[in-house]
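Structural overview
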Amino acid sequence: MPYKAEYIWIDGTVPTPKLRSKTKVVEDGEKPPIWGFDGSSTNQAPGERSDCVLQPVYVVPDPLRGGDNKLVLCEVMLIDMTPHPTNTRALCREIADKVKGEEYWFGLEQEYTFFSGARPLGFPDGGFPAPQGGYYCGVGADEVFGRPVVEAHLDACLAAGLTISGINAEVMPGQWEFQVGPLPAPQVGDELWLARWLLYRVGEEFKISATLDPKPVRGDWNGAGMHTNFSTSKMRSEFQANVDAAEQLKKRHDIHIANYGFGIEDRLTGLHETASYRDFSYGVSDRGASVRIPWQVEVDRKGYIEDRRPCANADPYVVSRLIMETVSLVP
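Keep in mind that what you see is a predicted model, and the values were worked out from it rather than measured. (Residues numbered from 1 in each chain as written. Predicted model: local features only at pLDDT ≥ 70, side-chain atom pairs only at ≥ 80, totals over all residues. Heavy atoms only, no water.)

We now examine the overall build of the chain. Along its length, the chain carries eight helices and 14 strands. Taking 20 Å as the expected radius of gyration for a compact globule of 331 residues, we find that the chain reaches 20 Å, a close match to that expectation. In terms of principal-axis extent, the alpha carbons of the chain reach across some 55 × 55 × 35 Å. Across the 331 residues that make up the chain, the buried fraction comes to 54%. In the structure as shown, the chain presents an accessible area of about 14,600 Å², 51% of it carried by carbon and sulfur atoms. Positive and negative charge centroids in the chain, built from 34 and 46 side chains respectively, lie 2 Å apart. (Helix = DSSP H or I, 4+ residues; strand = E, 2+ residues; numbered from the N terminus. Rg over C-alpha atoms; globule rule 2.2 N^0.38 Å. Buried < 20%, exposed > 50% of the residue type's maximum accessible area, 1.4 Å probe, protein only. Areas by Shrake-Rupley, 256 points an atom, 1.4 Å probe, with all protein chains shown as cover. Lys, Arg positive; Asp, Glu negative; His and termini not counted. Charge placed at Lys NZ, Arg CZ, Asp CG, Glu CD.)

A few words on the side chain of Arg196. With respect to the secondary-structure elements, Arg196 resides in helix H3 (residues 187-206). Despite its burial, Arg196 remains without a salt bridge, the nearest opposite charge being carried by Asp315 at 6.0 Å. (Salt bridge = Lys/Arg side-chain N within 4 Å of Asp/Glu carboxyl O.)

This part covers the sheet that holds strand E5 (residues 70-77). Strand order in the open sheet formed by five strands is E2-E1-E5-E4-E3, with mixed pairing between adjacent strands. For this open sheet the edge positions go to strand E2 (19-26) and strand E3 (35-38), each flanked by a neighbour on one side alone. Taking the axes of each pair of neighbouring strands and ignoring which way they run, one obtains an average angle of 40° across the sheet. (Pairing = 2+ DSSP bridges. Axes fitted to C-alpha atoms, helices over the stretch in contact; angles between N-to-C directions.)

With that settled, consider empty space enclosed by the protein. Sizing a probe to match a water molecule and rolling it over the atoms shows the empty space that remains. Throughout the structure, instances matching the rule amount to three cavities of 30 Å³ or more. What lines the largest cavity is simply Ile10, Leu73, Cys74, Glu75, Val76, Thr86, Asn87, Thr88, Arg89 and Tyr317. At the level of elements, E5 and helix H1 (88-98) are the ones that each hand at least two residues to the lining of the largest cavity. Of the residues that constitute the lining of the largest cavity, the class distribution is five nonpolar, three polar and two charged. If you add up the space inside the second largest cavity, you get close to 60 Å³. The wall of the second largest cavity is formed by 14 residues, among which Leu268, Ala275, Ala289, Ser290 and Arg309 lie closest to the centre. Partitioned by chemical class, the residues of the lining of the second largest cavity number five nonpolar, four polar and five charged. (1 Å grid on protein atoms, 1.4 Å probe; cavity = no way out; pocket = protein on both sides within 12 Å on 5 of 7 lines; lining within 4 Å. Points joined across faces, edges and corners; volume = space filled by probe spheres on them. Nonpolar A, V, L, I, M, F, W, Y, C, P; charged D, E, K, R; others polar.)

A separate point is the pattern of salt bridges. Summed over the entire model, instances satisfying the criterion amount to 14 salt bridges. The closest approach of N and O atoms between Arg65 and Glu6, which form a salt bridge, is 3.0 Å. Taken as a pair, Arg65 in the loop between strand E4 (51-61) and E5 and Glu6 in strand E1 (residues 3-10) lie far apart in primary sequence, 59 residues in all. The exposure class of Glu6 is buried, given its relative accessible area of 8%. Two residues, Glu205 and Arg201, come together in a salt bridge whose shortest N-O distance is 2.5 Å. Of this pair, Glu205 and Arg201 both sit in helix H3, four residues apart, roughly one helical turn.

So, on to unusual backbone geometry. Here the residue pair Gly181 and Pro182 is connected by a cis peptide bond, since its omega of 5° sits within 30 degrees of zero. With respect to the element layout, Pro182 can be found in strand E9 (residues 175-183). Cis geometry is adopted by the peptide bond preceding Pro186, which originates at Ala185 and carries an omega value of 5°. Mapped onto the elements, Pro186 comes out in the loop between E9 and H3. A positive phi angle is found at Asn43, which is not glycine, with a value near 60°.

The N-to-C vectors of helix H2 (residues 147-159) and H3 enclose an angle of 135°; their axes lie 9 Å apart at closest approach. Classified by the angle their axes make, H2 and H3 are oblique. Here the hand of the crossing between H2 and H3 comes out right-handed. Of the residues in H3, those touching H2 at Pro148, Val149, Ala152, His153, Ala156 and Cys157 are Ala195, Leu198, Leu199, Val202, Gly203 and Phe206. (Parallel < 35°, antiparallel > 145°, perpendicular 65-115°, else oblique. Left-handed = near helix turned anticlockwise from the far one by under 90°. Contact = heavy atoms within 4.5 Å.)

Here's what the structure looks like:
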């Protein structure tokens, strides 16, 4: 019996790309083949040369349709089978191959905010809820909003075989986080993009939308990030390598800020557990720094560090690629 393959790709929307998907019926026993789409409808091609190519790169079971059905993450290619300009995975893969001996691991903390209509979930129709403070990792219907969606999303990710490490309610009402990893690049990006797609798709069933806006509510509310934990084999064996990695990141702070998600200036203000986007800093256990060295890493004299700068809407392929370049390839 044929199965349904949901082809998923990243489009060319600016300043923040969107996920797109469509279904192909594939004969039983066959792998999902190369397919195509109309790039003029996704900001990836002009109408007179509209064909773009979908190259399957990461296939997992479809937890929503079940059975033998698949989710098929794709790279977007030009018709000559070279990477499309919007294809950030290709360059990430290239850099990952160059630093393969470093054995990079990445763990991504994806924050997001639920909306019901035009307001964040849990916000009253008029005015604002109580100030943030009790919502983080909270419990109770007066402090936690959207848990059924979160649980359904977690179940879907696990059923798809994604490397989900955990979930928690975040600092603002309707704001949550899930973690992906540890994984190498570009796989960590593959799984995060699939987890994002599943988040949006599961939300449809509840008539609740999720946004990756880095500052979904103005004022005295935390923004939303994609804190990026990473290590190399050397960092996992000696403390100084973690300090050295933080020092390396300082060298290209401006490049990272420019590529860590649209709207980063609204989030990295120096308030709400952030460092200003204008400055670079690092410190042990310091969530107000650009880069945090966890306290247990100092105690154990080995481990990993957390780049706290990426926004929730950052491209994980770009973030992991820049970290690998800066830490391992910049003199």
